[in-house]
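Observations on the three-dimensional arrangement
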Amino acid sequence: MKAIRRFTVRPVLPEPLRPLSDLARNLRWSWHTGTRDLFRSVDPERWAAAGCDPVRLLGSVATERLAELAGDRAFLDRLDTVAADLDAYMTGDRWYQAQTDRLPAAVAYFSPEFGITAALPQYSGGLGILAGDHLKAASDLGVPLIGVGLLYRHGYFRQSLSRDGWQQEHYPVLDPNELPLDQLEEPDGTPAQVTLALPGDRSLRARIWLAQVGRIPLLLLDSDVEENDLGGRGVTDRLYGGGSEHRLLQEMLLGIGGVRAVRTYCELTGHAAPEVFHTNEGHAGFLGLERIAELRADGLDFDAALEAVRAGTVFTTHTPVPAGIDRFDRELVARHFGPHAELPNMEVDRILRLGTESYPGGEPNLFNMAVMGLRLAQRANGVSLLHGDVSREMFAGLWPGFDPEEVPITSVTNGVHAPTWVAPEVFRLGARQIGAQRTEEALSVGDSDRWDSVADIADQDIWDLRRSLRELLVLEVRERLRASWRQRGAGTAELGWIDGVLDPDVLTIGFARRVPSYKRLTLMLRDRDRLTDLLLHPERPVQIVVAGKAHPADDGGKRLVQELVRFADDPRVRHRIVFLPDYGMAMAQKLYPGCDIWLNNPLRPLEACGTSGMKAALNGCLNLSVLDGWWDEWFQPDFGWAIPTADGAGTDPERRDAIEAAALYDLLEQRITPCFYDRGRGGLPDRWIEMVRRTLSLLGPKVLAGRMVREYVERLYAPAAHAHRAMDAESARALAGWKARVRAAWHGVTVDHVETSVTAATAELGSTLALRVRVGLGGLKPEDVEVQAVSGRVDGEDRITDATAVPLKPVGTPDAEGRWVYEGPLALDRTGPFGYTVRILPSHRLLASGAELGLVAVPSEDVVEAAGLLMR
């Protein structure tokens, strides 16, 4: 029979065991080995059955066992030690508190998903795992972050396979009371809520759940409350589910409701109010509108409020393609804002303008969340150096007149939270070498360029570690494969072959990620005979473990999964290649350490960063990847292999796949398998072990989330906080007025004449030109602009590359026509074809970049011809 009502009955712990509850409700246990070991010792079998989730464990342990532990002095001593360690972690000074710069009092970090632990399944892929690692690293560093997201009652889907290998989706219901969460409550004990206004005099309410991620509070909004109608209760049903309006409501709740939740949390707890708001991808972009509304309620007009909001906002873009950005019909957005909906005192046309694609090639009838995110943030970044280049090209239309390299989008390359992803066996080897405390600090803070102590680890120890990790993966794969085949309808008698799947002494390749077409899950199947030869080679075989989920609406992705599964089902090769369904954090934590090679073959440059290879590298796994994302930035032959790309403009997709697949097979046959199997005098693969050693010592420190978060603090959060403090009401009004005046006058800003002290077409290295420029400022003053000489090498089309900009200075007063003369030196510091030009940019002390307004004045063609701006 089915129950008509469900309760969560929580255990009553004996008094001596009460600290277990606090340890279970702080998600630091998910990356703290000592805490996990403590919970495992409570009941090893139940710990495994609970999926290594302390909350579920404590809800299932027998009362007799709890009573026994309450009288166990040795256990209580361990409990006291772990509890004291957590208290010191939560209250002691860390890296952030030791900085001398005046850093933000708090930073609010918004993301549509967070991958903290498998016990809190609120993530779908890389974006969420990155957000979870960001919070954990911020906690380790002591950064006062507040995370903000949504609580999805079904999370992301669970994946299984049909008998013929077609992906099946399942959406288990998650009860917040059974998760490591607490409700945020008002002083009278009632649940704290936020409310959004909807069209038709309706409202959307949401409770605020709190997950404690080490030192970081993570606020998750849940619309499944009785006060909402059926549609409202379903707004937070699934991650990335539903149609356009459903997604719009999710993003309004995340952005607008999220700001209100932060305000409520700070008011109730006394937490410092955020000075910086960080938008992780465009989904939370509406947070800027709520903050504008707050400032307007304090007396600022829209333009001044916009400047104040921009000053303290950071926007991170994760997508390398326009198709990956959320875009809504303008009319749909307009219907949800204004007098009879949300933000009733804000002009709808001003809201719509923020997201309008008002640039060549844009679609003005669509509202673009990333465009709004960029317009509401003074600072923006991509997530690798290459992705920064791609993003500047993609969004260059927002800054007309500027070369893509000058578009104000920088890069902070992603990192991964090593304590989460490094296998315990790897940690223990490090601890044996330099001590547990130093190993923990090296993995979390990440403030060194190299881990020299790895050089002192014996070759045999490294090889034994790699072999033991591979053996653990083999056991894990067999267990998961057996469960998968049972789900597909196989009987026990059919599954004896699984005991021979994979071999702990065979070179093991891992490939696991989401399955959009650009990641090319099936590139390895391009030449099946050649792949089969690799798998079944008599002396140098390889084995491959594959996992990945296709989006529920992506039938193309599902067909790729099915194609791979059908190949892996072939009795000839099924002991050498497997597909594991339901890829998630729990599987990943076993998969990364156990593989020798991590394979990544996306279409370049469509991988924004791709952090799975970083997690593998931290466990001594070598990367085999297309030069895309982070691998393009940090690849060295010591760390693995680069798959050559055929990405010329004239290469059709079929030919490109064929060329790159052939290159992949060549690398495996000619370089990788010999390196793994060839033995030196001591019976060990010396070259392979040296590559593992150098991967750990040189690449390891680069890929840490601690390094990433320190970069965010130093390069983005601190400048944003300084700008926020400088942007008081008076300054915001003044800046908004100044921008309006500059925009109105800019049509009259001109470069009228350029002359130089050298008229010849050649000059010697180290010589200096004297530039004299006559400009019109259209009623602006010299302090409103910067006149620059821009110089550098020129290409075959006379475009300046590797440009350097030098400001020129005004001389005297304006002439009778109101024109100003600017002068300055230009150093000829490079040989070869050299060119220069002159331009005028707006200039103000509160601008983060000269390109911020997207305004620039350059010489006309007549002036260019008269000035002879090119030197050879």
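Everything numeric here is computed off the predicted structure, so don't read it as measured data.

A few words on unusual backbone geometry. Glycine aside, a negative phi is what most residues show, and trans is what most peptide bonds show. Geometrically, the link from arginine 604 to proline 605 is a cis peptide bond, its omega value of 5° lying close to zero. For proline 605, the position within the fold is in the loop between strand S20 (597-600) and helix H23 (612-617). In this structure, glutamate 281 is a non-glycine residue whose phi angle is positive, near 75°. With respect to the helices, strands and loops of the structure, glutamate 281 is situated in the loop between strand S11 (276-280) and helix H10 (287-297). One non-glycine residue, aspartate 582, adopts positive backbone phi at about 65°. If you trace the backbone, aspartate 582 turns up in the loop between strand S19 (577-580) and helix H22 (585-594).

To continue, consider the sheet that holds S19. Taking strand neighbours across the sheet as the criterion, the six strands line up as S19-S18-S17-S20-S21-S22 in an open arrangement whose pairing is parallel. The outermost strands of the open sheet, each flanked by one partner alone, are S19 and strand S22 (640-643). Along the sheet, successive strands turn relative to each other by an average axial angle of 20°, direction set aside. Relative to S20, strand S17 (residues 507-512) runs parallel, the two sharing two bridges. The residue of S20 that forms the bridge with isoleucine 509 is isoleucine 597.

Counting residues in hydrophobic clusters, the biggest one holds 106 residues, and the most contacted among them are Met524, Ile597, Leu624, Trp641, Ile672 and Trp688. The element contributing the most residues to this core is helix H25 (residues 653-677), with ten residues. In contact with isoleucine 672, not counting residues within four places along its chain, are Leu507, Ile597, Leu624, Trp641, Leu667 and Trp688. The next biggest cluster of nonpolar side chains, apart from the first, holds 96 residues, and it includes Ile256, Tyr265, Leu287 and Val754.

The next point concerns the pairing of S22. Note that strand S21 (residues 622-626) and S22 share four bridges and pair parallel. Within S22, the position partnered with asparagine 623 by the bridge is glycine 640. The parallel pair S21 and S22 is bridged by helix H24 (residues 629-634), and the resulting crossover is right-handed.

Structurally, leucine 141 is set in helix H7 (residues 126-141). Look at leucine 141 and you get buried, because its relative accessible area is 0%. Residues leucine 141 and glycine 446, spaced 305 residues apart in sequence, show a C-alpha to C-alpha distance of 9.7 Å. Not counting the four nearest positions on each side in its chain, leucine 141 is found in contact with Arg94, Trp95, Tyr96, Gln97, Val445, Gly706, Val709 and Arg710.

The sheet built from four strands is open, its strands ordered S23-S24-S28-S27 with antiparallel pairing. Edge positions in the sheet fall to strand S23 (749-756) and strand S27 (809-811), since each of these pairs with one other strand and no more. Geometrically, the sheet is characterised by an average inter-axis angle of 35° between neighbouring strands, direction not taken into account. With seven bridges connecting them, S23 and strand S24 (residues 768-777) associate as antiparallel partners. Bridge pairing in S24 links valine 754 to valine 773.

Another point: the side chain of arginine 215. Structurally, arginine 215 is set in the loop between strand S9 (202-213) and strand S10 (216-222). In this structure arginine 215 is buried but unpaired, with aspartate 93 as the nearest side chain of opposite charge at 5.9 Å. Setting aside its immediate chain neighbours within four residues, arginine 215 contacts Tyr89, Met90, Thr91, Gly92, Arg94, Gln97, Ser139 and Gly142.

Moving on, we get to the pattern of salt bridges. Within this structure, the stated rule accounts for 67 salt bridges. Of the charged contacts in the structure, one is a salt bridge between aspartate 164 and arginine 566, with a shortest N-O distance of 4.0 Å. On the criterion of sequence distance, the pair formed by aspartate 164 in the loop between strand S5 (158-161) and strand S6 (167-170) and arginine 566 in helix H21 (residues 555-568) is long-range, its members being 402 residues apart. Judged by relative accessible area, arginine 566 falls into the partly exposed class, the value being 48%. Among the ionic pairs, arginine 202 bridges to aspartate 229, the shortest N-O distance being 3.3 Å. Taken together, the positions of arginine 202 in strand S9 and aspartate 229 in the loop between S10 and helix H8 (230-233) put the pair 27 residues apart, joining distant regions of the chain. What you see here is one network of salt bridges that share partners, running through Arg153, Arg207, Asp222, Asp224 and Arg233.

With respect to the helices, strands and loops of the structure, serine 484 is situated in helix H19 (residues 459-487). Look at serine 484 and you get buried, because its relative accessible area is 4%. In contact with serine 484, not counting residues within four places along its chain, are Leu161 and Pro581.

We now examine helix H26 (residues 686-699). Between its terminal C-alpha atoms H26 stretches 19 Å, which fits the 20 Å expected from 14 residues at 1.5 Å a residue. In terms of burial, H26 is largely enclosed, as ten of its 14 residues are buried.

It is worth spelling out the packing of H10 against helix H11 (residues 302-311) at this point. Packed helix pairs are characterised by how far apart their axes lie and by the angle those axes make with each other. The contact between H10 and H11 brings their axes to 9 Å, and the two run at 125°. As far as their axial angle goes, H11 and H10 are oblique. Note on packing geometry: the crossing formed by H10 with H11 is right-handed. Here H10 contributes Gly288, Arg291, Ile292, Leu295 and Arg296 to the contact with H11, which in turn contributes Phe302, Ala305, Leu306, Ala308 and Val309. Class assignment of the residues belonging to the contact of H10 with H11 gives a composition of seven nonpolar, one polar and two charged.

In strand S15 (residues 379-382), alternate side chains face the same way, and those of Arg379 and Asn381 on one face and Ala380 and Gly382 on the other are all buried. Note that strand S12 (residues 313-316) and S15 share three bridges and pair parallel. Directly across from phenylalanine 315, in S15, lies its bridge partner alanine 380. With helix H15 (residues 385-394) bridging S15 and the parallel strand S16 (residues 410-411), this β-α-β connection has right-handed handedness.

Procedures and definitions
- The written sequence of each chain sets the order in which its residues are numbered from 1.
- Residues qualify for local features only when their pLDDT is at least 70, as the model is predicted, and side-chain atom pairs are given and counted only at 80 or more; totals for whole chains, interfaces and linings, by contrast, use all residues.
- Hydrogens are left out, water is left out, and the side-chain values use all remaining heavy atoms of the structure.
- Strands are runs of DSSP state E lasting at least 2 residues, helices are runs of H or I lasting at least 4, and numbering of each runs from the N terminus.
- In short, DSSP must find at least two bridges between two strands for them to pair.
- Note on geometry: axes are lines fitted to C-alpha atoms, helical ones only across the stretch in contact, with angles between N-to-C directions running from 0 to 180 degrees.
- Throughout, nonpolar core names a set of buried Ala, Val, Leu, Ile, Met, Phe, Trp, Tyr and Cys residues whose side chains join them through atoms within 4.5 Å.
- Relative accessibility thresholds used throughout: buried, under 20% of the residue-type maximum; exposed, over 50%; partly exposed, between the two (1.4 Å probe, protein chains only).
- Working rule for contacts: check all heavy atoms of both residues, and any pair within 4.5 Å makes them a contact.
- When the strands point away from the viewer, a crossover counts as right-handed if the route from the first strand across the helix to the second turns clockwise.
- None of His or the chain ends enter the tally, which takes Lys and Arg as positive and Asp and Glu as negative.
- Salt bridges are defined as contacts in which a side-chain nitrogen from Lys or Arg sits within 4 Å of a carboxyl oxygen from Asp or Glu.
- Helix span, expected: 1.5 Å multiplied by one less than the number of residues in the helix.
- For classification, angles of less than 35 degrees are called roughly parallel, those exceeding 145 degrees roughly antiparallel, those between 65 and 115 degrees roughly perpendicular, and all remaining angles oblique.
- Take the far helix as your reference; a near helix turned counterclockwise from it by less than a right angle gives a left-handed crossing, and one turned clockwise gives a right-handed crossing.
- Three classes are used: nonpolar for Ala, Val, Leu, Ile, Met, Phe, Trp, Tyr, Cys and Pro, charged for Asp, Glu, Lys and Arg, and polar for all others, with Gly counted as polar.

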